[in-house]
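# Fold and contact review
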Amino acid sequence: MSQGSATRYPLVLVPGMLGFIRLVLYPYWYGIIAALRRGGATVIAVQVSPLNSTEVRGEQLLARIDEILRETGAGKVNLIGHSQGSLTARYAAARRPDLVASVTSVAGPNHGSELADYLALHYPADSARGRILEALLRFVGWLMALLETGYHGPKLPVDIHASHHSLTTAGVALFNQRYPQGLPETWGGQGPEEVGGVRYYSWSGTLQPGKTDRGGNRFDGTNRSCRLFAATFVRERGQCDGMVGRYSSHLGTVIGDDYPMDHFDIVNQSLGLVGEGADPVRLFVEHAARLKVAGL
Ligand code: CA
């Protein structure tokens, strides 16, 4: 067995909004955990409230990190977050930098999501449309909790308004004022490599007609959703993965921000159906090697 992914500290994978560890038999990090383990890494996928604020999710993650450190005997963890999981990881690292070796943001809305802004504008909480959206999210959250087989902890609280606010440009701007670690100083720039002993990294993709809508994605409805959602983007029009903009995703060392992948492809969903030229699993394996070389 290759030991290329055998990082010093465990890799802790943090899912995004409506995230999960495993729905019945279907894992969130499809094919990724197995590939990292084949490379010798200790990998732990965690669950936090699928619909809640970044701060609430971050506190849950901190509690889980404590357990992981006890279970593995490790001194720190490497956090890899997808989407809102990136913000969640940033929160945990900002609060307890002594427990976190690195934070890696995978398609993280580190400066907010223009899709969330669109929904705040066109589906306000006090409107009929807003209430229908909220009821739909509540139902999906309830159904997913029912199907979740990878999580065995206590029931996780739901707060749909807080969840939504945590993803808008205004909501993330407030979050960033309190927890600026790893953010670039200029729009589209790179952030610092290290803050307070924690290394920061990010990567993300964009929708690229002729690539991301081909291959396996022709059979993946989530790609169609991303193309629909991309129409809500203004500032990063034509430069987003359907849910997060290219520059909005920047944090720490930017490994890449224009991989041909939509917001779901980047974690190899659904069922490994991705567009042409995309290899999301390889990015995780390469990153584990990067962390290993950095002594993390
Ligand atoms: Ca896909």
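Anything mentioned here points back to the structure above.
Our subject in this report is the structure included herewith. The structure presented is a predicted model; accordingly, all values stated were derived computationally and were not measured. (Residues numbered from 1 in each chain as written. Predicted model: local features only at pLDDT ≥ 70, side-chain atom pairs only at ≥ 80, totals over all residues. Heavy atoms only, no water.)

## A look at the coordination of the calcium ion
Where we set the bar: Only nitrogen, oxygen and sulfur atoms count as donors, using a 2.8 Å cut-off from the metal that widens to 3.2 Å for Na, K and Ca. Water is left out, so coordination shells may look unfilled.
On the protein side, the calcium ion has N217 (OD1), D220 (OD), D265 (OD), Q269 (O) and L273 (O) as donor atoms, found 2.3 to 2.6 Å from it. Coordination of the calcium ion draws on donor residues from a single chain, spaced N-x2-D-x44-D-x3-Q-x3-L in sequence.

## Some thoughts on the environment of R214
We apply this condition: Put simply, DSSP H or I for four residues or longer makes a helix, DSSP E for two residues or longer makes a strand, and each gets a number counted from the N terminus. Residue contacts are defined here by distance: any two heavy atoms, one from each residue, within 4.5 Å place the two residues in contact.
Inspection of the secondary structure puts R214 in the loop between β8 (198-206) and α8 (221-230). The residues contacting R214, other than those within four sequence positions of it, are V274, G275 and E276.

## Digging into the packing of helix α2 (residues 54-72) against helix α3 (residues 84-95)
What counts here: Here the axes come from fitting lines to C-alpha atoms, over the contacting stretch only for helices, and the angles between their N-to-C directions go from 0 to 180 degrees. Left-handed describes a crossing in which the near helix is turned anticlockwise from the far one by less than a right angle; the clockwise case is right-handed. When residue character is reported, Ala, Val, Leu, Ile, Met, Phe, Trp, Tyr, Cys and Pro are called nonpolar, Asp, Glu, Lys and Arg charged, and the others, Gly included, polar.
Between α2 and α3, the shortest axis-to-axis distance is 8 Å and the interhelical angle comes to 65°. Seen from above, α2 lies across α3 with right-handed handedness. Counted together, T54, E55, R57, G58, E59, L61, L62 and I65 of α2 and Q84, G85, L87, T88, A89, Y91, A92 and R95 of α3 form the full contact between these two elements. Residues of the contact of α2 with α3, tallied by class, amount to seven nonpolar, five polar and four charged.

## Brief notes about the pattern of salt bridges
In plain terms, the rule: Every case where a carboxyl oxygen of Asp or Glu lies within 4 Å of a side-chain nitrogen of Lys or Arg is listed as a salt bridge. When accessible area is computed with a 1.4 Å probe and restricted to protein chains, residues below 20% of their type maximum are described as buried, those above 50% as exposed, and intermediate ones as partly exposed.
Scanning all chains against the criterion turns up 11 salt bridges. Taking the shortest distance from any N to any O, the salt bridge between R95 and E59 comes out at 4.0 Å. Remark: E59 occurs in helix α2 and R95 occurs in helix α3; sequence separation between them is 36 residues. With relative accessibility at 38%, the residue E59 sits in the partly exposed group. A salt bridge links R96 to D98, with the shortest nitrogen-to-oxygen separation between them at 2.7 Å. For D98, a relative accessible area of 41% puts it in the partly exposed group.

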